[in-house]
Structures are given as structure tokens and as C-alpha cells.
Amino acid sequence: MEYLIHLLKDKKFSALLKDKEPYIIRTNRNIFVYLCASIMSQQLSVRVADVIYERFLALYDGKEPAPQQVLDTDSLTLRNIGLSNNKVSYIKNVAAFAVDPGMGYNLLEKMDNEEIITYLTQIKGVGRWTVEMLLMSALGREDVFAVDDLGIQNAMISLYKLDRSDKKALREKMLKISLKWSPYRTYACRHLWSWKDNDPVKKKSGKEIAAKKKSPRANKLAVKKATSVRAKTAQKKTKGV
């Protein structure tokens with residue numbers, strides 16, 4: 001593929017491409033559901049995130065809901081599938097924004113990357129990193145560089161022997177290096193994540209999750225464990241530990 005020829009010009013980066021299959025970027029037109037799933041998965045293991053997302057779809061007969069359906073869903077119902085109060089609030093914020101002013105694929109497709117980041121980060125609970133992941137996957141943008149992603153930082157520090165002591169200098173150096181990969185920086189990020197086996201944008205779709213259901217007992221134990229960990233953490237903070 002054309003992007004591989006371009007990235008091979010970087011001699012250090014070329015070591016990551018040896019014997020690797022090329023990436024194919026696929027789009028996801030349901031931006032609303034993508035953002036909801038992204039918020040649900042934050043700070044959770046892939047397994048627990050999949051369980052919660054499966055329960056979310058189950059609220060709507062296994063189908064991806066429309067924004068108004070989520071707005072009409074009682075917050076307690078969303079809490080009961082394993083979401084925190086903050087995540088319920090953020091998902092409701094996304095739903096309200098999807099209704100008005102809107103976040104349809106056709107609308108966002110007309111904007112450049114920075115315009116989309118500015119537009120969607122108006123939503124409380126949606127940050128720049130989340131929108132960058134959306135740009136890379138759901139919208140299929142080929143030239144996105146997630147400079148603040150920890151996995152990308154760790155990979156580039158290791159590959160290019162960068163100094164992590166000065167965060168500002170590290171960020172500037174990473175951006176400078178990434179310019180060599182443009183206009184294919186999304187692919188570069190994917191290979192960096194793959195190299196460190198830490199790909200945050202490789203999420204299962206609703207259909208994939210439904211096709212690979214876990215046992216009810218496994219689901220219950222996974223969510224119970226995550227809830228227990230959050231409770232213990234909150235208790236420690238209360239005690240000042």
C-alpha cells in the first residue's frame with residue numbers, strides 16, 4: 001500500500017513494518033453510538049467494557065439506539081448496567097448534542113480534523129483524545145497523530161530514544177518526528193500501538209460483541225469485580241489513604 005512506501009522512508013520506523021500486514025481503515029457512520037461506546041470503555045478492561053456495552057445494547061433490543069432513545073432512558077437504568085454517575089451524565093450529554101446541533105457522519109465529513117475536534121469537545125465528557133480516536137477509526141481520517149496518547153509516547157520514546165523528563169520538549173519532538181509520516185500519521189499510530197500491543201482504537205462493534213456472548217456468570221463476575229475495585233478506591237480516598 002502507498003502508506004507503507006511512505007513510512008519506510010523513516011529508517012527507524014521501518015523496523016516496525018517488517019512482515020506486517022497493511023492496515024485498512026474502515027469507517028463507522030454511527031458517530032453517536034461510537035462516542036457512547038468510547039465513553040463507556042474509559043478506564044475499564046476490554047472484557048468489562050464489552051460486557052457493559054452488550055448490556056447497553058440489550059436495553060434497546062440488541063440494536064444501536066437513536067440519541068432520543070438514550071435521552072428518554074432513565075439514568076438509574078443506565079447506572080444499573082454498570083456505568084458510573086459521570087459516565088451516565090456524559091452519555092446523556094452526547095445524546096443531547098446528537099439531537100441538536102447534531103453529529104451526523106455527513107455533517108462531520110465536511111469539516112477538517114481540527115474543526116471536528118473543536119466542534120465535538122464542546123460536549124462535557126468528550127476530550128481531544130476521544131475525538132482523535134474517532135477521527136482515526138469512525139471517520140477514517142488518514143493523517144491524525146495522537147501526541148498525548150500514552151501508548152504512542154512510550155513507543156516513540158523506546159524507538160527514537162527520547163527523553164521523557166521534560167513533557168513539553170517530548171511533545172514537540174514527537175510532533176516534529178511525526179511530520180515525516182504525514183499524510184499517513186494514522187497508520188503510523190496504528191503500527192506504534194501494534195508494536196507495543198496497546199491499541200485503544202481497535203474496538204469491537206455491537207454486532208461483534210453480540211456474536212461472541214460471554215456466559216451470564218462471567219458477565220456478572222466481570223462487572224462485579226470492576227464495581228468492587230471502584231468502591232475500594234473510593235473508600236481509600238475517603239479515608240485519606
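Residues numbered from 1 in each chain as written. Predicted model: local features only at pLDDT ≥ 70, side-chain atom pairs only at ≥ 80, totals over all residues. Heavy atoms only, no water.

## A closer look at the nonpolar core
Stage number 1. Within the largest apolar cluster, 69 residues are counted, with the highest numbers of intra-cluster contacts made by Phe13, Met103, Leu120, Met156 and Trp181.
Stage number 2. It is helix α3 (residues 31-41) that provides the largest number of residues to this core, a total of 8 residues.
Stage number 3. Apart from residues no more than four positions distant in its own chain, Met103 is found in contact with Ile31, Phe32, Leu35, Val94, Phe97, Ala98, Leu108, Leu120 and Ile123. (Core = buried A, V, L, I, M, F, W, Y, C linked by side-chain atoms within 4.5 Å. Buried < 20%, exposed > 50% of the residue type's maximum accessible area, 1.4 Å probe, protein only. Helix = DSSP H or I, 4+ residues; strand = E, 2+ residues; numbered from the N terminus. Contact = heavy atoms within 4.5 Å.)

## Remarks on the confidence of the model for the protein
Stage number 1. Looking at the protein, the pLDDT average stands at 87 and 83% of residues meet or exceed 70.
Stage number 2. In the model, residues 203-219 has pLDDT below 50 throughout and makes 20 contacts with residues more than four positions away in sequence or in other chains.
Stage number 3. Every residue in residues 229-241 scores below 50 in pLDDT, and together they form 3 contacts with partners more than four places removed in sequence or on other chains. (pLDDT = per-residue confidence, 0-100.)

## What about unusual backbone geometry?
Stage number 1. Residue Pro101 is reached from Asp100 by a cis peptide bond, and omega for that bond is 15°.
Stage number 2. Note on placement: Pro101 falls in the loop between α7 (85-99) and α8 (105-109).
Stage number 3. Residue Pro183 is bonded to the preceding Ser182 through a cis peptide linkage, with omega at 10°.
Stage number 4. One can find Pro183 in the loop between α12 (167-178) and α13 (185-195).

## A closer look at helix α11 (residues 150-160)
Stage number 1. Within α11, 8 of the 11 residues are buried, leaving the element largely enclosed by the surrounding structure.
Stage number 2. Lining the buried residues of α11 we find α2 (11-14), α12 and α13.
Stage number 3. At the N-terminal end of α11, a side-chain oxygen is found 2.9 Å from the backbone nitrogen of Gly151, two or three residues along, and the residue is Asp149. (Polar contact = N/O pair within 3.5 Å; in protein donor to acceptor, adjacent residues only side chain to side chain.)

## Concerning the environment of Asp163
Stage number 1. Assignment of secondary structure puts Asp163 in the loop between α11 and α12.
Stage number 2. The spacing of Asp163 and Lys173 is 10 residues in sequence and 9.5 Å in space, taken between C-alpha atoms.
Stage number 3. Looking at Asp163, its side chain comes within polar contact range of the side chain of Ser165, at 2.9 Å.

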